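Structural overview for review
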Amino acid sequence: MTDLNLDLGFDKPRSQTRVVVAMSGGVDSSVTAALLKEEGYDVIGMTMQLYDHGEVVAKKACCAGIDIYDAKNVADKIGIPHYVLNFESKFKESVMEDFADTYLKGETPIPCVRCNETVKFRDMFQMAKDLGADCLATGHYVKRFDGPHGPELHGANDSARDQSYFLFSTTKEQLNFLRFPLGGMPKSETREHAHRHGLTVADKPDSQDICFVPDGNYAKIVERLRPGALEEGNILDLEGTVLGRHNGIINYTIGQRRGLGIATTDGSALYVIRLNPETHDVIVGPKEALARRDIGISGITWLGYGAEQAESYDISVKIRSTQAPLPATLKFTGERTGTITLETPEYGVSGGQACVFYQGSRVLGGGWIQSL
């Protein structure tokens, strides 16, 4: 097993160091709580109830019925207090409604990031501080180091499990309060610790879907949240010729090839190039029309190089969570806006997605990709 270093960096006995653990009911956060308890910290478990509607509760979705039950069982097993926080209305307003509105704007949302930057790392932070916690620990696979200019966020040792992409909007103040005990170990070892502690969630599968869309039917959620907002429209080529009809732009994403329901006379492939929410048009074309080197970024969170921002930086970026970092240049155009210029063109870049900035393993921040 990995030589665990669970020193959380506080200059006082562990028994007097209070740690609130965000427990989702999965194996990662459960093991985080168990290891910290084992190491002698004063641990409190905290679980968010984010929704409680019909079929979602019946499925294994994060922060709904079954997972709250699992988190409580783990807390009882390892002997720590456990609190359930009802954040349903805040989650609906901050995450689910933003999800629907982003799709209706012709963009592709990332609700997990929105949840981290609003409900989890804002409201849960405050609750943890109200309980007198010295820090909030999570089961994310990332690492945190104290650097010369304050805490730094780094990718996990196991690149296949690295979740730093989803935490780019973490502020310096939040990062100062956060701890990530699992960042140095592979997932297989996490499960070994779960078995060692006799946790019932040791073999629980990882959630693969957006928590409030367990069946993957995004359109159904958007229609429920925004009744009547789904409108039919035309599928056009780049010259404006009508090639077909569609039943709502939320059913399409930039770069999509399959399921367009149209064909070219020469059999060449067509891709979704743009979505126009004002006219409800889906614009399609050849793959080369997807190429982008310059990407506008808004809502930038900056975690790098101390307090000052230079005019530009040579960095690497991820515009999808699973891809390898791409060489790029970041130029700031305002306090929280900038332009990314990629060394080589990238295809299928979609507005509403995140662009995360890296220097080696360190996360320098990130922002939201703007539509063309």
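Scroll up to find the structure this text is about.
Being a predicted model, the structure only gives us computed values, none of them experimental. (Residues numbered from 1 in each chain as written. Predicted model: local features only at pLDDT ≥ 70, side-chain atom pairs only at ≥ 80, totals over all residues. Heavy atoms only, no water.)

1. Some thoughts on the overall build of the protein chain
Counting secondary structure elements, the protein chain contains eight helices and 17 strands. Its C-alpha radius of gyration of 22 Å places the protein chain within 12% of the 21 Å reference for a compact globule of 372 residues. Dimensions of the protein chain, computed from the C-alpha atoms along their principal axes, are close to 70 × 50 × 35 Å. Residues counted as buried form 51% of the 372 residues belonging to the protein chain. Considering only intrachain contacts with a sequence separation of at least 6, the fraction spanning at least 24 residues in the protein chain is 65%. In the form shown here, the protein chain has an accessible surface area of approximately 16,900 Å², with 46% of it arising from carbon and sulfur atoms. Taking the average place of the 39 positive charges on the side chains of the protein chain and the average place of its 49 negative ones, the gap between the two points comes to 2 Å. (Helix = DSSP H or I, 4+ residues; strand = E, 2+ residues; numbered from the N terminus. Rg over C-alpha atoms; globule rule 2.2 N^0.38 Å. Buried < 20%, exposed > 50% of the residue type's maximum accessible area, 1.4 Å probe, protein only. Contact = heavy atoms within 4.5 Å. Areas by Shrake-Rupley, 256 points an atom, 1.4 Å probe, with all protein chains shown as cover. Lys, Arg positive; Asp, Glu negative; His and termini not counted. Charge placed at Lys NZ, Arg CZ, Asp CG, Glu CD.)

2. Some details on the sheet that holds strand E4 (residues 135-137)
Pairing in this open sheet of five strands is parallel, and the strands run E3-E2-E1-E4-E7 from one edge to the other. Because the sheet does not close on itself, it has two edges, and the strands there are strand E3 (82-86) and strand E7 (178-179). Bridge count for strand E1 (residues 18-22) against strand E2 (residues 42-49) is five bridges, and the pairing is parallel. Bridge pairing in E2 links Arg18 to Asp42. Relative to E2, helix H5 (residues 111-130) is tilted by about 135°, and along the sheet it contacts E1, E2, E3, E4 and E7. (Pairing = 2+ DSSP bridges. Axes fitted to C-alpha atoms, helices over the stretch in contact; angles between N-to-C directions.)

3. Some words on the packing of helix H4 (residues 88-104) against H5
Running from N to C, H4 and H5 point in directions that differ by 165°, and their axes come no closer than 9 Å. The orientation of H4 relative to H5 falls into the category roughly antiparallel. For H4 against H5, the interelement crossing comes out right-handed. Contacts between H4 and H5 involve Lys90, Phe91, Ser94, Val95, Asp98 and Phe99 on the former and, on the latter, Pro111, Arg114, Cys115, Thr118, Val119, Arg122 and Asp123. (Parallel < 35°, antiparallel > 145°, perpendicular 65-115°, else oblique. Left-handed = near helix turned anticlockwise from the far one by under 90°.)

4. Focus on the pattern of salt bridges
By the definition in use, this model includes 23 salt bridges. We note a salt bridge from Glu38 to Arg196, for which the minimum N-O separation is 2.7 Å. In this pair, Glu38 sits in helix H1 (residues 27-38) while Arg196 sits in helix H7 (residues 187-196), placing the two residues 158 residues apart along the sequence. The class for Glu38 is partly exposed, based on a relative accessible area of 40%. Given a relative accessible area of 43%, Arg196 falls into the partly exposed group. Its salt-bridge partner being Glu232, residue Arg245 comes within 3.6 Å of it at the nearest N-O pair. (Salt bridge = Lys/Arg side-chain N within 4 Å of Asp/Glu carboxyl O.)

5. A few points about the environment of Pro286
Mapped onto the elements of the fold, Pro286 is located in the loop between strand E11 (281-285) and strand E12 (292-302). Overall, Pro286 belongs to the partly exposed group, its relative accessible area being 32%. C-alpha of Pro286 to C-alpha of Asp206: the two residues are 80 residues apart in sequence and 36 Å apart in space. Dropping the residues within four chain positions of it, Pro286 is found in contact with Leu238, Ala269, Tyr271 and Ile273.

6. Thoughts on unusual backbone geometry
In this structure, His280 takes a positive phi of about 60° despite not being glycine. Note that His280 resides in the loop between strand E10 (271-276) and E11.

7. Observations concerning the sheet that holds E11
The strand order across the open sheet formed by four strands is E9-E8-E11-E10, and the pairing between neighbours is mixed. The open sheet is flanked by strand E9 (242-246) and E10, the only strands paired with a single partner. With direction set aside, neighbouring strand axes in the sheet form an average angle of 25°.

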